[in-house]
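# Observations on the model geometry
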Amino acid sequence: MYFSSGSGNTCKSLDDGKRKICEMNGFVCLDPRFSTTRRLTRSKPSDAGNALGSCLALPAAAGRKGEGGLRVNGYFKQAEAGGNVGGAPCGKPLITIITAVFNGEKTLEKSILSVLSQSYDNIEYIVVDGGSRDGTIDILKQYEHAIDYWVSQPDAGIYDAWNRGVRLATGDWIAFLGADDAYADNAIAGYVDFIAAHQPGTLEYVSSKVNLIRDAQLLRVVGHAWQWPVFRRYMGVAHVGSMHRRALFEKYGLFDDSYKICGDYELLLRPRDTLGAAFFDAVTVNMEVGGVSDANVRVFDEAARAKILSGKRGALVSHLEKHWAKLKWRMRKYLFK
C-alpha cells in the first residue's frame, strides 16, 4: 500500500497487524487514513525553557482519570524544515488543534473524526478532559491511536483547559475546536494555504466563517473580518476553529481563566489595534448552538469587563453597550421563544 505525503514523497506502508508503518524523510507514518498519524517522529521535542511553561504531558494531579495518545507511545510531531509560512520557519507548518471537553460522550466522536479526516497531514491533536463522568474517556481510549495526547483530570473551566492545551502544544499555529463542533472537509489545508499567501511574520490571528447548527439544521453563517473599530465594541469574529500563531501566546500570555465565557475575546483585545489579523473567507466549522456563551446573559458583563481592562475602552460607553446588548438579547428571546 502506498501513501502520497502531498509534497511529492511516497510512503510505502508495511502492515504490522494493526498499523501501517513507514519512513519518509525521517518521518514515520503509522496509518495513512488519519491526518494525525501520517507524519510523526521518534525525536522528542524540548519541553523546557519556554515562556508558556510548555510540557509534553501534564503532571499527575488529584482526581486524574487517565492519559494516553501517541506521545505516551513515543511518537511526536514537528514542522518540516524549509521555507517560511506565516512567520513559522517551516515548509509544512505544524497545526495544533485543542479540544476541551467535559461529559461530552454524545458529540465528542463527531469532533474527533472531523479532525482525523482532514486532508492536511501535519496536525497535532490534543484533548483535555475535565474529569468526565460519562463515556467520554471510553471514546478517548477508542481513538488514542490517532490522538497525540489526551488527559482527564479536574480543571477550573474551559480557559484553564485551553491553557493546559496551549502548554502541551508544539505547533506553529494553534486552534480550538469545541467538543460539539466539527471541522469542514479540507478546512485546515485551506487555512494553511491562506496563511502561506501572506507575507511571513505578518499574521498572528486568522478567523473564518462558521455555520451555526441546531438539530442538524443550518441557522445562519457567522464570522466577519477582524477590524479594530468593530472588535473593540463586540466580538464580531468567529473564534471556533480559528488559528492563533504560537507567538501570539508567547507575546501576550495565556487565557485569563477568571473569565468563564469571554476569555477568548479578552485575549484578542490585548494587542488592541496592533493585532496582525486576517480573514479566510470560507466556512471551516459547523458549530452546534448551545455552547457556554450562547444562552448566558453573563457574556455581556464579561465582555464589558474585558473591553475596559484589556481593550482600554471607556467605562461609560462599555456599560452603555452592555445594557443595549442585553436589551436586544432579551427582545430576541421573547420574540423567538
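The structure this text deals with has already been given above.
Overview of the structure. (Residues numbered from 1 in each chain as written. Predicted model: local features only at pLDDT ≥ 70, side-chain atom pairs only at ≥ 80, totals over all residues. Heavy atoms only, no water.)

### A look at the overall build of the protein chain
Helix and strand content of the protein chain: nine helices and 15 strands. A total of 337 residues make up the protein chain; the buried ones form 53% of that total. Considering only contacts in the protein chain between residues 6 or more positions apart, those separated by 24 or more positions represent 74%. Of the roughly 15,000 Å² of accessible surface on the protein chain, a fraction of 52% belongs to carbon and sulfur atoms. (Helix = DSSP H or I, 4+ residues; strand = E, 2+ residues; numbered from the N terminus. Buried < 20%, exposed > 50% of the residue type's maximum accessible area, 1.4 Å probe, protein only. Contact = heavy atoms within 4.5 Å. Areas by Shrake-Rupley, 256 points an atom, 1.4 Å probe, with all protein chains shown as cover.)

### Describing the pattern of salt bridges
According to the stated counting rule, one finds 14 salt bridges in the structure shown. Asp121 is paired through a salt bridge with Arg39; the nearest N and O atoms lie 3.6 Å apart. Taken together, the residues span a long stretch of sequence, with Asp121 in the loop between α1 (108-116) and β8 (123-129) and Arg39 in the loop between β5 (27-29) and β6 (66-68) at a distance of 82 residues. Each member of the pair, Asp121 as well as Arg39, is classed as buried. The partner of Lys77 in a salt bridge is Asp148, with the nearest N and O atoms 3.0 Å apart. With Lys77 in the loop between β6 and β7 (95-101) and Asp148 in the loop between α2 (136-142) and β9 (149-152), this pair connects stretches of sequence that are 71 residues apart. The structure contains a network of salt bridges with shared partners spanning Arg39, Lys92 and Asp121. (Salt bridge = Lys/Arg side-chain N within 4 Å of Asp/Glu carboxyl O.)

### With respect to α1
Those residues of α1 that fall on the buried side of the exposure criterion are Leu108, Ser111, Ile112, Ser114, Val115 and Leu116. Buried positions along α1 lie against β7, β8, α2 and β11 (182-183).

### Quick word on a nonpolar patch on the surface
Judged by side-chain polarity, Trp324, Leu327, Met331, Tyr334 and Leu335 come together as a nonpolar surface patch covering roughly 590 Å² of accessible area. Along the chain, Trp324 turns up in helix α9 (residues 315-335). (Patch = residues over 30% accessible without salt bridge, like charges linked within 9 Å, V, L, I, M, F, W, Y side chains within 5 Å.)

### Thoughts on the packing of aromatic side chains
Under the criterion given, the structure shown has 13 aromatic pairs. Of the aromatic side chains, those joined through ring pairs into one cluster are Tyr159, Trp162, Phe176, Phe249 and Phe255. Just above the ring of Tyr75 sits the side chain of Arg42; from NZ or CZ to the centre is 3.9 Å. Over the ring of Tyr259 we find Arg305; its NZ or CZ atom is 4.0 Å from the centre of that ring. (Phe/Tyr/Trp six-rings, centres within 6.5 Å; stacked < 30°, edge-to-face > 60°. Lys NZ or Arg CZ within 6 Å of the ring centre and 35° of its normal.)

So, to be careful, I would describe these as geometric facts and stop short of saying anything about function.
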